[in-house]
Structure formats: structure tokens, C-alpha cells
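# Per-entry structural report
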Amino acid sequence: MTANATARRTVRVDLADRSYDILIGPGLISAAGREIASRLKGRKIAVITDEHVAPIYLDGFMAALKTEGIDAVSLVLPAGEKTKSFEHLIRVCDSVLAARIERNDAVVALGGGVIGDLTGFAAGIVRRGSRFIQVPTSLLAQVDSSVGGKTGINSAHGKNLVGVFHQPDLVLADTDVLDTLSPREFRAGYAEVAKYGLIDKPDFFAWLEKNWRDVFAGGEARITAIATSCQAKADVVAADERENGQRALLNLGHTFGHALEAATQYDSARLVHGEGVSIGMVLAHQFSARMNLCSPDDASRVEAHLRDVGLPTSMAEIPGGLPPAERLMDAIAQDKKVKAGKLTFILTHGIGRSFVADDVPQSEVVAFLKEKLPK
């Protein structure tokens, strides 16, 4: 057994006959052929990636597949949130069909959350459901979007409003690839790591406060943080796959964050998803404090930690300005967490004590946003 293999962790997502493994650790892209061949009945793969990832990892990944006798084709898409569109969904579906990928073959997402969400959606609808493998290349994708089966694209009406639940058959989270991320991309992914502590793992959040520099540096602390995050999500998904209850807690910070992304027209130069989540988690804690649900000290602690790691924590840090509170409220009201026209937020009673709050008064949210928007 290689040193890389001994450093790996395996997290199992328990969904009966649709259960799958998340492999976490170094060297998994070079080992991808072996790991996929041992689980795949078919011998063909369509690999979907983007212009940022392809020059770094595509050739090595294709070579790893070829070594195991797997026939693979690839499609390289533009990078960025705007690729999560109907236009590119059609391109992916046509590419998969042109490659004659059958149900026992597989579609692979080699990239970050955008590629994973888009490719997973295509895999879920081509031939009414094809096998799907996630090879996430960003921290955000490794700890969040590659796990749990949520797939989709954006609409003019909001983020991720068109999609399906389609679980992967395997997730290969190669921690080596994170060394090639820009500091901004890594920080954005870290927001999702911190989220798991804030939901229901106060000890994990306290560990991150002490060890975040080691997580950023790499090595064992980084693997531990990713594995802990994946296990947290796997547990929630196994208990509530289709977000009928407690899985909604995974959206902590996302209702505010998605509205901010929509307000910036998904322009990554202004705001990327993890940054929106960071600001959103601070806003969720501040709003909870405003509603006397948690201590202002908890909200300040969350803001301080996210600020320490270099993440934005206020709407004033978003370049280019934002629309007024009423227009942000329109984006929030279009969010998927709205039920029967009533606002649903993930709020908190304190660090690691998040809960689903139904029927939050819209007037309170608008007043809060007016307070927090830069003057």
C-alpha cells in the first residue's frame, strides 16, 4: 500500500442500494482509473471539465482511465458560474449522447461546484438517469456540492432553481489538487467547512478557530477538516435525502448568500459562492441576534473567525454596489426554501445550534437588510 493510500479516508453515504463512497486524500486523480474500474460495469466515460481545470488535470485523468482500459471522451466548457445555464446543459447532454454513453457507463464531473452541478443534472436526465462520478477540484466542491445528489443550473429567476436530485456513484476528493487553488478560491471553500461547525458541531467550529491555519497549510489537518465536513453532510443526506426536513439546515447562510449572488448577476469578479455564504452566515447570526434568538456575542464570534481567515463578512465588502433592500427581498422570496409563500430561514440559537425557522416576517427581514446595506 502506498503512502498516499494510507493517508486516505473513506466516508460512506448510506442510501441503501444507492449508497456510495467518498474517498478523501492525496493522489486520487492518478488512482482514478483503478478506483472507477473496480466499481463500473461499463467501459466508457464522458468527462466534463472546464477551461481552468483541463490544462492542469485532464490529460492525467484521461491517462489514468486509459491504463485501466476505460474508453473516455471529454468536453471542456467555459469556467465560471454563468456556465450553469440551459445553453451549456444542452451541450453536455448532446456530448454524452454523441459519445454513446449507456446506463452502465458513466458521466464524470472533473471540476468545481459549477461543473459538478451542471454535469450531475445532465447525468440525471440523459437516458432518464446515467451513472455519475464526481471528481471535485475545489475545496467547496469537495466538502459540499459533490456530496448529496443536488444538481442543477441557474435561471434568470435565481440560483439552482432548475435541477434534479441525482446521487453520484463515487466521489474522488483528491486533496493534492487544492494546492493549485488561488487563496480566494480556497477561502471561499472554507466557508462551507465552517458551516458544518455552525450548524450542529460547536466543537468542530472551536477546533477550526484554533487550527484553521493548519487547514490552509495542508496535510493532516486539511484531510481531517474535509473528512469531518463530508461525514457531517453524509449523515444529514442519509437521514433526509430530498430536503423534506433537517437537510435544510445545510442551507445556513445560503438564503442571504444566494440573494447576494443574484444581485451581482453571478459575476465572480464581484462575489463567488463561498463568499456569499460567508456573508450570509454572518447575516443569519446577526438576524438571529436581532430576533433575540441568540447572543450578539455568538454573531460577533462567527464574524471574527470568518474575517480572520480572510473572507468577506458584510455586504459593504461586495464591490459595485447592491440594489435596495426591497429588491434583495424579491430574490429571497424566489428562493427554494420558500414554502407556500412563507419565508423559511436557517437561524440559530448560538454556535452549533441552528434550526429551521418557518414563516419569518418579511417586514423584519427588510428592516434588517436596510440596516446592514452600505449607506
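Preceding this paragraph is the structure being described.
Presented here is an overview of the structure given in this document. The structure presented is a predicted model; accordingly, all values stated were derived computationally and were not measured. (Residues numbered from 1 in each chain as written. Predicted model: local features only at pLDDT ≥ 70, side-chain atom pairs only at ≥ 80, totals over all residues. Heavy atoms only, no water.)

### Some thoughts on the nonpolar core
Formally: To define a nonpolar core, start from buried Ala, Val, Leu, Ile, Met, Phe, Trp, Tyr and Cys residues and group those joined through side-chain atoms within 4.5 Å. Exposure categories follow from relative accessible area, calculated using a 1.4 Å probe and restricted to protein chains: below 20% of the type maximum is buried, above 50% is exposed, and the middle band is partly exposed. Counting from the N terminus, the helices are the DSSP runs of H or I reaching at least four residues and the strands are the DSSP runs of E reaching at least two. What makes two residues a contact is simply this: any of their non-hydrogen atoms within 4.5 Å.
Among the nonpolar cores identified, the biggest contains 75 residues, and Ile 36, Phe 61 and Tyr 190 are the most heavily contacted of them. Here this core gets ten residues from one element, more than from any other, and that element is helix H9 (residues 220–239). Not counting residues within four places of it along the chain, the set of residues in contact with Tyr 190 comprises Leu 139, Leu 208, Trp 212, Val 215, Phe 216, His 305, Val 309 and Leu 311. Core analysis: the next-biggest nonpolar cluster, separate from the first, contains 24 residues, Leu 260, Phe 287, Ala 325 and Met 329 among them.

### Quick notes on the side chain of Thr 119
What counts is decided by this rule: The definition of a polar contact used here is a pair of N or O atoms within 3.5 Å, where within protein one atom must be able to donate a hydrogen and the other to accept one, and adjacent residues in sequence count solely through side-chain atom pairs.
Structurally, the position occupied by Thr 119 is in helix H5 (residues 113–125). In this structure Thr 119 comes out as buried when scored by relative accessible area, which is 0%. Side-chain polar atoms of Thr 119 contact the backbone oxygen of Ile 115, separated by 2.7 Å. Setting aside anything within four residues of it in sequence, one finds Thr 119 in contact with Ile 48, Val 107, Val 108, Ala 109 and Phe 132.

### Some points on the environment of Gly 27
Locating Gly 27 in the fold gives a position in the loop between strand E2 (20–25) and helix H2 (32–37). You can call Gly 27 buried: its relative accessible area is 8%. Counting along the chain gives 256 residues from Gly 27 to Leu 283, while the straight-line C-alpha distance between them is 38 Å. Excluding anything up to four places from it in sequence, Gly 27 contacts Asn 4, Arg 8, Asp 174 and Asp 176.

### A look at the sheet that holds strand E5 (residues 106–111)
What counts, and what does not: When DSSP locates at least two bridges between a pair of strands, those strands are taken to pair. A fitted line through C-alpha atoms serves as each axis, taken over the contacting stretch for helices, and the angle formed by two N-to-C directions is quoted from 0 to 180°.
Taking strand neighbours across the sheet as the criterion, the seven strands line up as E1-E2-E9-E6-E5-E3-E4 in an open arrangement whose pairing is mixed. Either end of the sheet is taken by a strand with one partner, and the two such strands are strand E1 (9–13) and strand E4 (71–77). Adjacent strand axes in the sheet meet at a mean angle of 15°, parallel and antiparallel pairs treated alike. Note that E1 and E2 share five bridges and pair antiparallel. Along E2, the bridge assignment pairs Arg 12 with Asp 21. Lying over the sheet, H5 contacts strand E3 (44–50), E4, E5 and strand E6 (131–136), oriented at roughly 170° with respect to E5.

### Observations concerning the pairing of E2
Most of E2 sits inside the fold, with six of its six residues counted as buried. Residues Tyr 20, Ile 22 and Ile 24 line one face of E2 and the alternating positions Asp 21, Leu 23 and Gly 25 line the opposite face, and both faces are buried. Counting the residues that bridge the hairpin from E1 to E2 gives six residues, and of these Ala 16 lies at a positive phi of roughly 55°.

### Some remarks on the pairing of E4
The criterion, for reference: Convention used here: a crossover is right-handed provided that the path from the first strand, over the helix, to the second strand proceeds clockwise when the strands point away from the viewer.
Pairing analysis gives seven bridges linking E3 to E4, with the strands arranged parallel. Looking at the pairing, Ile 45 lines up with Ala 72 of E4. Each parallel crossover has a hand, and for E3 linked through helix H3 (residues 54–67) to E4 it is right-handed.

### Observations regarding the pattern of salt bridges
Between side chains of opposite charge, pairing is possible as soon as their charged atoms come close. Put simply, the test is: Salt bridges are defined by distance alone: a side-chain nitrogen of Lys or Arg within 4 Å of a carboxyl oxygen of Asp or Glu.
Applying the stated criterion across every chain yields a total of 22 salt bridges. One salt bridge in this structure joins Arg 12 and Asp 21, with 3.0 Å as the shortest N-O distance. Under the relative-accessibility criterion, Arg 12 is labelled partly exposed at 47%. Notably, a salt bridge pairs Lys 233 with Asp 144, separated by 3.3 Å at the nearest N-O pair. With Lys 233 in helix H9 and Asp 144 in helix H6 (residues 139–145), the pair connects residues that are 89 residues apart, well separated along the chain. Accessibility assignment for this pair places Lys 233 and Asp 144 in one class, buried.

### Quick word on the packing of helix H13 (residues 325–333) against helix H14 (residues 362–372)
Short version of the rule: Here is the rule for angles: anything less than 35 degrees is roughly parallel, anything more than 145 is roughly antiparallel, 65 through 115 is roughly perpendicular, and the remaining ranges are oblique. With the far helix as reference, a near helix turned anticlockwise by less than a right angle produces a left-handed crossing, and one turned clockwise produces a right-handed crossing. Here the nonpolar group is Ala, Val, Leu, Ile, Met, Phe, Trp, Tyr, Cys and Pro; Asp, Glu, Lys and Arg are the charged ones; every other residue, Gly included, is treated as polar.
Relative to each other, H13 and H14 sit at 130°, their axes nearing to 9 Å. In terms of orientation, H13 and H14 fall into the oblique class. Crossing of H13 over H14 shows right-handed handedness. On H14, the residues that touch Ala 325, Glu 326, Leu 328, Met 329 and Ile 332 of H13 are Gln 362, Val 365, Val 366, Leu 369 and Lys 370. Residues that form the contact of H13 with H14 fall into these classes: seven nonpolar, one polar and two charged.

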